[in-house]
Number of protein chains: 2
Amino acid sequence: MFERKIPKDLDCGMAMIMEIIGGKWKPCLIRNISQGHRRPSELQRLNAKASRRVLYQQLQELEEHGIIERIVYPVLPPKVEYFLTELGNSLLPVINVMDDWGTQYLKNPHKRPLLKLGA
Amino acid sequence: MFERKIPKDLDCGMAMIMEIIGGKWKPCLIRNISQGHRRPSELQRLNAKASRRVLYQQLQELEEHGIIERIVYPVLPPKVEYFLTELGNSLLPVINVMDDWGTQYLKNPHKRPLLKLGA
DNA sequence: GGGTATAGGGCTAATTTTAGCCCTATGCTA
DNA sequence: TAGCATAGGGCTAAAATTAGCCCTATACCC
């Protein structure tokens, strides 16, 4: 897979939650799923800018962290659905607080001295 | 400096706040400063595992985003202090919510199926 | 003079994260 | 038969982040 050289130390809560929601697409995925978009293909469509590969990887990690649950229906063509676990649901308020703050920030350019967004 | 190939799109609040606090040491720095540790050398001591270089970089970014303010005292040897801006202060509750959630997660291993921490 | 400490920039390398292609398999429709 | 959709793994490359060294300058102490 990939051999990590520098060990992660999830010493504080902050590091822990960053480990969980820190991926580039994870917050989006959590949101999408919470809004009823459960199937992988749907999530791909909603996050068209993300490579399919990465979405699956991040979904896997969310699953490993116990944030989402993956249900496989034994049908053909395959059908899979993701659901937020109870733990995942408990994350929603946190994400909302973060998003609210970020949205406020975006609305107040005067408080935003210089943003080098590159490219 | 570094030429970004893939443009960042800070389309939603979530992306925005991640841009601001997403650095490896940024939440720590914000906390440290909020707790009265203002001088660069102090921050280095508190985050001994981080390279000095990276700390400075992240401090710069926090400053550019308007989260902290840098005061230079014209003395020798040089003296610099960082302070949270009003905006930076408004970030503290958000960070606390995140940290609380993460701390809870750390306390409940049964809700934590498999953690591949590597190394 | 040689050591400390102060605060940082320049530059490159190591590490980690994302992205992009290939491949599997089945059943449907045109 | 060809093409689409379904859901993913394998592998490698690109991009981004973080780390690690070098350097500057001044004033103190021994």
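Note that this is a predicted model, so its numbers are computed, not measured.

> Help me understand the layout of surface pockets in this model?
With a probe scaled to a water molecule rolled over the atoms, the places where space remains empty come into view. All names here are of chain A. There is about 210 Å³ of room inside the second largest pocket. Pro 40, Tyr 56, Arg 70, Val 80 and Tyr 82 are, among the 13 residues lining the second largest pocket, the residues nearest its centre. Counting residues per element, the lining of the second largest pocket draws most heavily on helix α4 (residues 52–64), at four residues. Per-class residue counts for the lining of the second largest pocket are six nonpolar, three polar and four charged.

> What's the story with the relation of the copies chain B and chain A in this structure? I'm lost.
For the pair of chain copies, the relating operation is a rotation around an axis with a shift along it. Between the two copies, chain B and chain A, the superposition gives an RMSD of 0.0 Å; the rotation angle is 180° and the shift along the axis is 0.0 Å. Expressed as a symmetry operation, the mapping of one chain copy onto the other fits a two-fold axis. Residues of chain B ranked by C-alpha distance from the rotation axis are headed by B:Gly22, positioned 3.7 Å from it.

> Looking at this model, I keep getting lost on the protein's contact with DNA strand C. Mind explaining?
Within the structure, DNA strand C sits among 27 residues, and A:Arg4, A:Ile6, B:Arg53, B:Gln60 and B:Arg70 are positioned closest to it. The contact atoms of DNA strand C, taken as those within 4 Å of the protein, divide so that sugar and phosphate hold 70%. Between DNA strand C and A:Arg52 there is a distance of 3.1 Å, counted from a base nitrogen to a side-chain nitrogen or oxygen. Elements that contribute at least two residues to the surface near DNA strand C include exactly α4 of chain A together with α3 (40–46), α4 (52–64) and β2 (79–84) of chain B. By residue class, the composition of the surface near DNA strand C is eleven nonpolar, five polar and eleven charged.

> Honestly, α4(A) in this entry has me stumped. Any pointers?
Helical periodicity: at 3.6 residues per turn, an α-helix aligns residues three or four positions apart in one direction. Residues and elements named next belong to chain A. Relative to the 18 Å expected for 13 residues at 1.5 Å per residue, α4 spans 19 Å between its end C-alpha atoms, a close match to the ideal helical length. For α4, the full list of buried residues reads Leu 55, Gln 58, Leu 59 and Leu 62. Here the buried residues of α4 occupy an arc of 105° about the axis, which is enough to place them on one side. Looking at the buried positions of α4, the neighbouring elements they touch are α1 (13–21), α2 (26–34), α3 (40–46), β1 (68–73) and β2 (79–84). Positioned one or two residues after α4, Gly 66 has a phi angle of 80°, which is positive.

> Looking at this structure, how should I read the interface of chain B and chain A?
For interface size, the figure often reported is the accessible area lost on association. Counting residues at the interface gives 45 residues for chain B, matched by 45 residues for chain A. Between chain B and chain A, the buried area comes to about 4,000 Å², and carbon and sulfur atoms account for 71% of it. Our count for the contact surface shared by chain B and chain A stands at two salt bridges. For the salt bridge of B:Asp9 with A:Lys49, the shortest nitrogen-to-oxygen distance reads 2.5 Å. Between the two partners, chain B and chain A, sit ten residue pairs in polar contact (both at pLDDT 80 or more). Elements with a minimum of two residues in the side of chain B that touches chain A: α1 (13–21) and α5 (86–107) of chain B. The greatest single-element share of the side of chain B that touches chain A, amounting to 13 residues, is contributed by α5(B). Looking at the side of chain B that touches chain A residue by residue, the class counts come to 27 nonpolar, eight polar and ten charged.

> I'm lost on the side chain of B:Glu19 in this one. Help?
Residue and element names in this part refer to chain B. Looking at where Glu 19 falls in the secondary structure, it is placed in helix α1. A residue is classified by how much of its surface remains accessible, and Glu 19, at 15% relative accessible area, is buried. Among residues more than four places away in sequence, those in contact with Glu 19 are Lys 8, Leu 10, Lys 26 and His 65.

> Would you mind showing me how to read the protein's contact with DNA strand D here?
Near DNA strand D you find 27 residues, and of these A:Arg52, A:Arg53, A:Gln60, A:Arg70 and B:Ile6 are the closest. Restricting attention to atoms of DNA strand D within 4 Å of the protein, one finds that 71% of them are sugar or phosphate atoms. Contacts to DNA strand D include A:Pro78, whose backbone N or O atom sits 3.5 Å from a sugar or linking oxygen. A distance of 2.9 Å separates a phosphate oxygen of DNA strand D from a polar backbone atom of B:Ile6. Within the residue set of the surface near DNA strand D, elements represented by two or more residues are α3, α4 and β2 of chain A together with α4 of chain B. Residue composition of the surface near DNA strand D, by class: eleven nonpolar, five polar and eleven charged.

Reading guide: rules and limits
Residues numbered from 1 in each chain as written. Chains lettered and ligands numbered in written order. Predicted model: local features only at pLDDT ≥ 70, side-chain atom pairs only at ≥ 80, totals over all residues. Heavy atoms only, no water. 1 Å grid on protein atoms, 1.4 Å probe; cavity = no way out; pocket = protein on both sides within 12 Å on 5 of 7 lines; lining within 4 Å. Points joined across faces, edges and corners; volume = space filled by probe spheres on them. Helix = DSSP H or I, 4+ residues; strand = E, 2+ residues; numbered from the N terminus. Nonpolar A, V, L, I, M, F, W, Y, C, P; charged D, E, K, R; others polar. Least-squares fit on C-alpha atoms with pLDDT ≥ 70 in both. Near = heavy atom within 4 Å. Polar contact = N/O pair within 3.5 Å; in protein donor to acceptor, adjacent residues only side chain to side chain. Expected span 1.5 Å × (residues − 1). Buried < 20%, exposed > 50% of the residue type's maximum accessible area, 1.4 Å probe, protein only. Arc of directions from axis to C-beta. Contact = heavy atoms within 4.5 Å. Buried area = accessible area lost by both parts, 1.4 Å probe. Salt bridge = Lys/Arg side-chain N within 4 Å of Asp/Glu carboxyl O.

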